Protein chains: 2
Amino acid sequence: MMGPALVGIGVGPGDPSLITVKALSELRGADRVFGPTMAVDAVGRAESIVRQAAPDVVVERLVFAIIEDAVARRAAHDQAADRVAECLATGERVAFVTLGDPNVYSTFHHLADRVLERRPGTPVTTVPGICAFQDLAARSGTVLVDGVERLHLVSAVAGPQAIDVPLADPEAAVVVYKGGRHLPALVERLRAAGRLDGAVVGELIGLPGERVGSLALAASGPAAYLSSLVVPPRREARDESTGAEAGEP
Amino acid sequence: MMGPALVGIGVGPGDPSLITVKALSELRGADRVFGPTMAVDAVGRAESIVRQAAPDVVVERLVFAIIEDAVARRAAHDQAADRVAECLATGERVAFVTLGDPNVYSTFHHLADRVLERRPGTPVTTVPGICAFQDLAARSGTVLVDGVERLHLVSAVAGPQAIDVPLADPEAAVVVYKGGRHLPALVERLRAAGRLDGAVVGELIGLPGERVGSLALAASGPAAYLSSLVVPPRREARDESTGAEAGEP
């Protein structure tokens, strides 16, 4: 008897085989599994991954629509938290599945905060998941960081200027999330900075309809909301005489 | 018959249950699995994870010692590449396991470059793995990034000044790898920047002897080479009225 608890489970970016063994065991150990969705009759992406990776697990939907009106959004989130709290009140171990990692740009903690208002002291844990940028790097053959290179992860949801500061560092990889709407402006900025070389874009990574390819060749129009960009650090010809240990004195 | 190929497999940071289903299936589908080690009679960390996650898989060791002499290091790496090329020559599908993710500060691509010198055109792929900072965030209950916050990942192997640029951005999470040797100096810089609040350190994350805790309370001496630090963005009291969707106009 473990007692009521809330666990946020990262199920990875799309490919159901990128789920971890721990996520599978937490899914199967939970009394109830919730998944976010845009509408009660729409299968969310995280739910779709669970269906493939663990067909025996039933996912109950919580509506987290992108609602422009703050009051309506708050009401929807309250309703979701009420439902989770209701299950916790009966002693259930409750899981919430999330695309990617629950600690990286995820709604999980907003839900958890609201649940904790209702049931203070509820144990809240998370299980990490593979992030979209990691799978994009793998699928595009991109070495993200090596030696003393840096990596900047930004969200371009508020506009393409999000990449201006990271682009000032030529030895940093830049990962851009949620930049689909601003793709042409992002490409323009990368071109101006001389950083289009090796830059890749991924849409629906690991999902039916996936597009992964060179950013320079990408359509000039907007891409999907959940598109990811990976811009590798500017690199001289790789020096074969050094290794990852090269920075070690 | 798939033909010879080299695949870099991320096995996660330490906890064997953080391996992905895809990594397991690639391990079992390979004709040979190599793992890096410091000495031929030492079980490397990645090998240790494979032993627990997939006891049926045999790992052959390749010595990647941290050798200070560049010529000796080059010789050791050449020897490793020779051995991999030998297996590819017989048509084997060869896997190389790596801690964390093979595209994030991994020796895999250095090995792959040397193998490609010997056998140009060999297909090289990677399977992403959970990174240490993701598990550290999960185990310490740290929300890494939310809304339009940013994340900077740096290696402090060359010194504590690696965090100076990322620290200039108060709305960014800072993840520091390989900073163990410089821990006191890193703590000093974080304190001066007012960023110790919520900062956590992890050593041997998910392994026997794990230490995860507040950086402010960490020992004043150096920590292990593979220590990770996570410094969350500076946050005002969390605004309950907004969600991850808040940046969406």
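For the structure, check the block above.
Residues numbered from 1 in each chain as written. Chains lettered and ligands numbered in written order. Predicted model: local features only at pLDDT ≥ 70, side-chain atom pairs only at ≥ 80, totals over all residues.

A.B. asks: It is not clear to me how the sheet that holds strand E1 (residues 5-10) of chain A should be interpreted in this structure. Could you clarify?
C.D. replies: Within a sheet, each strand pairs with its neighbour through backbone hydrogen bonds, oriented either parallel or antiparallel. All names here are of chain A. With parallel pairing, 5 strands are arranged side by side in an open sheet as E3-E2-E4-E1-E5. Looking along the sheet, the strands with just one partner apiece sit at the ends: strand E3 (59-63) and strand E5 (124-127). Sheet twist, expressed as the average angle between the axes of neighbouring strands with direction ignored, equals 30°. Of the strand pairs in this sheet, strand E2 (residues 32-37) and strand E4 (residues 93-98) are connected by 3 bridges, and their pairing is parallel. Bridged to Phe34 within E4 is Phe96. Against the sheet, helix H1 (residues 21-29) engages E1, E2, E4 and E5, with an angle of about 145° to E1. On top of the sheet, helix H3 (residues 70-89) reaches E1, E2, E3 and E4; it is set at about 145° to E3, its chief contact. (Pairing = 2+ DSSP bridges. Helix = DSSP H or I, 4+ residues; strand = E, 2+ residues; numbered from the N terminus. Axes fitted to C-alpha atoms, helices over the stretch in contact; angles between N-to-C directions. Contact = placed C-beta atoms within 7 Å.)

A.B. asks: Explanation requested: the sheet that holds strand E6 (residues 150-155) of chain B in the structure shown.
C.D. replies: Judged by pairing direction, the sheet is mixed, and its 10 strands sit side by side in the order E9(A)-E8(A)-E10(A)-E7(A)-E6(A)-E6(B)-E7(B)-E10(B)-E8(B)-E9(B) without closing on themselves. The open sheet has two edge strands, strand E9 (211-214) of chain A together with strand E9 (211-214) of chain B, and neither has a second partner. Each strand of the sheet is rotated relative to its neighbour by a mean of 15°, with strand direction disregarded. Pairing of strand E8 (residues 200-203) of chain B with E9(B), which is carried by 4 bridges, proceeds in the antiparallel orientation.

A.B. asks: Quick question: what am I supposed to make of the interface of chain A and chain B here?
C.D. replies: Quoted interface sizes are often the accessible area lost when the parts come together. On the side of chain B, 53 residues touch chain A, which itself brings 54 residues to the contact. Sorting the residues of the side of chain A that touches chain B by element identifies H1, H3, helix H4 (108-118), E5, helix H5 (132-140) and strand E6 (150-155) of chain A as the ones contributing at least two each. Top element by residues in the side of chain A that touches chain B is E6(A). It accounts for 6 residues. Its residues placed into classes, the side of chain A that touches chain B shows 24 nonpolar, 17 polar and 13 charged. Sheet topology places E6(A) next to E6(B); 3 bridges connect them, and they run antiparallel. Each bridged residue has a counterpart across the sheet, and for Leu151(A) the counterpart in E6(B) is Leu153(B). (Nonpolar A, V, L, I, M, F, W, Y, C, P; charged D, E, K, R; others polar.)

A.B. asks: Would you explain the packing of H3(A) against H4(A) in this entry?
C.D. replies: Residue and element names in this part refer to chain A. For the pair H3 and H4, the least separation of the axes is 9 Å and the interaxial angle reads 60°. One finds that H3 runs oblique with respect to H4. Note that H3 runs across H4; the crossing there is right-handed. Of the residues in H4, those touching H3 at His77, Asp78, Ala80, Ala81, Val84 and Ala85 are His110, Leu111, Arg114, Val115 and Arg118. A class-by-class count of the residues in the contact of H3 with H4 yields 6 nonpolar, 2 polar and 3 charged. (Parallel < 35°, antiparallel > 145°, perpendicular 65-115°, else oblique. Left-handed = near helix turned anticlockwise from the far one by under 90°.)

A.B. asks: Honestly, the relation of the copies chain A and chain B in this entry has me stumped. Any pointers?
C.D. replies: Look at the two chain copies: a rotation about an axis and a shift along it is all it takes to match them. With an axial shift of 0.0 Å and an RMSD of 0.0 Å, the rotation relating chain A to chain B amounts to 180°. What the superposition gives is, in effect, a two-fold axis relating one chain to the other. Ranked by how close their C-alpha atoms come to the rotation axis, the residues of chain A are headed by Thr20(A), at 2.0 Å. Looking at chain A, 98% of its interface residues are interface residues in chain B too, so the copies touch through the same face. (Least-squares fit on C-alpha atoms with pLDDT ≥ 70 in both.)

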